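Tertiary structure, described
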Amino acid sequence: MKINMSKKTIELTKAEMKEASVFGNEAYDKLQIVRRDYPDFRVVEIKNKKNTSDFANLKMETIKDYVLKHGTDEQKANFALISKRTVGEDGEYCEPQPFFQIKAWFLNEFPEIKESRKDYRKKVISIYEAAAAKSVA
């Protein structure tokens, strides 16, 4: 729960709003106390900020290109097995695995991707810090 003085609102997340709607529990009692302290404020539901990871925009095409260019024969075969519709030797039809499982496999199989992203972030920070140091001097 957050009190936003500039907007004159009492802000709750969806989970907090749900909990505070149950009469008599702790969240409900706290909300009522805040409403008494700020009677002119509106109670509003806010969305949680998305926690975007470094690889939130990773696409299947990018994974495929990287595996084909940098993967071993075994990694390429494994990728083909998990990413394509296949029919086994016994005639059993197999669906491709969900993207998020393929993505997890990819990041585990190619840890250098995570390292290169960390290195990139460090370089960007040093560029910004160098620019800030020039403006101060």
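Up top you'll find the structure we're talking about.
Let us look at the overall build of the protein. Each helix and strand counted, the protein has six helices and five strands in total. For the protein, the succession of helices and strands along the chain, N to C, is β-β-α-α-β-α-α-β-β-α-α. Expected size for 137 residues packed as a compact globule is a radius of gyration near 14 Å; at 25 Å, the protein overshoots this value by more than 25%. Projected onto its principal axes, the C-alpha coordinates of the protein cover approximately 70 × 60 × 20 Å. Taking all 137 residues of the protein together, 22% fall into the buried category.

Volume-wise, the largest pocket comes out at about 170 Å³. Lining the largest pocket we find Ser-53, Asp-54, Phe-55, Ala-56, Asn-57, Leu-58, Thr-62, Tyr-66, Phe-106, Ile-113, Ser-116 and Arg-117. Breaking the lining of the largest pocket down by element, the ones donating at least two residues are helix 3 (60–70) and helix 6 (111–136). If you tally residues by element for the lining of the largest pocket, the top one is helix 6, at three residues.

It is worth spelling out the side chain of Gln-75 at this point. Counting through the fold element by element, Gln-75 comes out in helix 4 (residues 73–83). Overall, Gln-75 belongs to the buried group, its relative accessible area being 11%. In terms of polar contacts, Gln-75 uses its side chain to reach the side chain of Glu-109, at 2.9 Å. With near-sequence residues (within four places) excluded, Gln-75 lies in contact with Val-67, His-70, Trp-105, Glu-109 and Phe-110.

Rules used throughout
- As a convention, each chain's residues are numbered from 1 in the sequence order in which they are written.
- At least 70 in pLDDT is required for a residue's local features to be given in this predicted model, at least 80 for side-chain atom pairs to be given and counted, and no such filter applies to totals for whole chains, interfaces and linings, which use all residues.
- Note that water and hydrogens are dropped before the side-chain values are worked out from all heavy atoms of the structure.
- The helix count covers DSSP runs of H or I at least four residues long, the strand count covers runs of E at least two residues long, and both are numbered beginning at the N terminus.
- We compute the radius of gyration from the C-alpha atoms alone; for a globule the expected value is 2.2 Å times N to the 0.38, where N is the number of residues.
- Throughout this description, buried means an accessible area under 20% of the type-specific maximum (1.4 Å probe, protein chains only), exposed means over 50%, and partly exposed covers the range between.
- Cavities and pockets were defined on a 1 Å grid built from protein atoms only: a cavity is a group of points that admits a 1.4 Å probe but offers it no way out, a pocket is an open group of points flanked by protein on both sides within 12 Å along at least five of seven lines, and a lining residue is one with an atom within 4 Å of any such point.
- Grid points are joined across faces, edges and corners, and a volume is the space filled by probe spheres set on the points.
- Contacts described as polar in this section are N or O atom pairs within 3.5 Å, which, within protein, must combine one atom able to donate a hydrogen with one able to accept it, while residues neighboring in sequence count only if both atoms come from side chains.
- In what follows, a contact means two residues having at least one pair of non-hydrogen atoms within 4.5 Å.

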